[in-house]
Amino acid sequence: MSRQLILASSSPYRRELLARLELPFETAAPAIDETPAPDEPPRALVERLSRDKAGALRPRFPHALLIGSDQCVVLDDRIVGKPGTHEQARSQLLAASGRSVAVHTGLCLLDAATGVRWEDVVSYEIEFRELDADEIERYLQAERPYDCAGSVKSEGLGVSLLRHMRGDDPSALVGLPLIRLCDMLRAAGIQVPA
């Protein structure tokens, strides 16, 4: 691969996912305001933030391919963020018990040299089982998903809390839709697998 590939993220989850493609890449944290605009729909939010993350790195890496991604979890038309604390994670899981949430993951590949962008939003539906307080507590003690939107790591023990998942790309749930990214990289002239 002759082009520099930059992941516009400090997320260890996105870094681990991108490493699966066995392409050389670097990471750089974009400095952007992630505040939703008034009345901005969740899908539009993740699309905009993915674009902004990639675009924020363009001055630093003017010849690179820049990957931006952002994710949100939605319950009752309300964005559910990263809990940050045990108490907030418990509250999020109790609210999701027996219900479905939508997970929207935005993705942008920006060719910094030409300004050409490939963008998409990959969505998933997750339905939780009816959860009781004891199993939520056991899960939180074991997994500690305080840095995960919606308090569930579907790629780990969080799968035990679920009734089903519906979507096209399970890597989107972790934060970087690799199937769609591979399509974009090929469109940009990058062979995957290399």
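Only a predicted model underlies this, so the values are computations on that prediction, with no experimental measurement involved.

A.B. asks: Is there a simple way to explain unusual backbone geometry in this structure?
C.D. replies: The phi torsion of most residues other than glycine is negative, and most of the peptide bonds are trans. P193 follows V192 through a cis peptide bond whose omega is 0°. One can find P193 in the segment after α6 (178-187). At D76, a position not held by glycine, the phi torsion is positive, near 55°. Relative to the helices and strands, D76 resides in the loop between β3 (65-75) and β4 (78-80).

A.B. asks: Sorry, what's going on with the UniProt feature "site: Important for substrate specificity" (unreviewed entry) in the protein here?
C.D. replies: Those residues carrying the UniProt feature "site: Important for substrate specificity" (unreviewed entry) are Y13, Q71 and E155 in this numbering. Checking the annotated residues one by one, the ones that line the largest pocket turn out to be Y13, Q71 and E155. Along the polypeptide, Y13 turns up in helix α1 (residues 12-19). Residue class for Y13 comes out buried when judged on its relative accessible area of 18%.

A.B. asks: When you look at the pattern of salt bridges in this model, what are you seeing that I'm missing?
C.D. replies: Close approach of charged atoms lets side chains of opposite charge pair. This model, assessed by the stated rule, comprises 14 salt bridges. Among the ionic pairs, R48 bridges to E40, the shortest N-O distance being 2.8 Å. Of the charged contacts in the structure, one is a salt bridge between E135 and R129, with a shortest N-O distance of 2.8 Å. With a relative accessible area of 14%, E135 lands in the buried category. Of the residues examined, R129 reaches a relative accessible area of 26% and is grouped as partly exposed. Ionic contacts of the salt-bridge type, sharing partners, join the residues D120, R180, D183 and R186 into one network.

A.B. asks: I tried to follow the layout of surface pockets on my own but got confused; where do I start?
C.D. replies: Over the atoms rolls a probe the size of a water molecule, and its path tells where empty space is left. Put simply, the largest pocket is a space of about 700 Å³. Looking at the lining of the largest pocket, the elements with two or more residues in it are α1, α2 (42-56), β3, β4, β5 (100-111), β6 (117-128) and α5 (171-174). Considering each element in turn, the lining of the largest pocket owes the most residues, four residues, to β3. Of the residues that constitute the lining of the largest pocket, the class distribution is 22 nonpolar, seven polar and eight charged.

A.B. asks: Quick question: what am I supposed to make of the environment of D111 here?
C.D. replies: Looking at the element boundaries, D111 is found in strand β5. Relative accessible area serves as the criterion here: at 8%, D111 is assigned to the buried category. The contacts of D111, once residues within four sequence positions are left out, are R3, A64, L65, V116 and W118. Within the structure, D111 has its side chain in polar contact with the backbone nitrogen of A113 (distance 3.0 Å).

Rules and cut-offs
- Residues numbered from 1 in each chain as written.
- Predicted model: local features only at pLDDT ≥ 70, side-chain atom pairs only at ≥ 80, totals over all residues.
- Heavy atoms only, no water.
- Helix = DSSP H or I, 4+ residues; strand = E, 2+ residues; numbered from the N terminus.
- UniProt positions renumbered as here; feature names shortened; annotations may be inferred.
- 1 Å grid on protein atoms, 1.4 Å probe; cavity = no way out; pocket = protein on both sides within 12 Å on 5 of 7 lines; lining within 4 Å.
- Buried < 20%, exposed > 50% of the residue type's maximum accessible area, 1.4 Å probe, protein only.
- Salt bridge = Lys/Arg side-chain N within 4 Å of Asp/Glu carboxyl O.
- Points joined across faces, edges and corners; volume = space filled by probe spheres on them.
- Nonpolar A, V, L, I, M, F, W, Y, C, P; charged D, E, K, R; others polar.
- Contact = heavy atoms within 4.5 Å.
- Polar contact = N/O pair within 3.5 Å; in protein donor to acceptor, adjacent residues only side chain to side chain.

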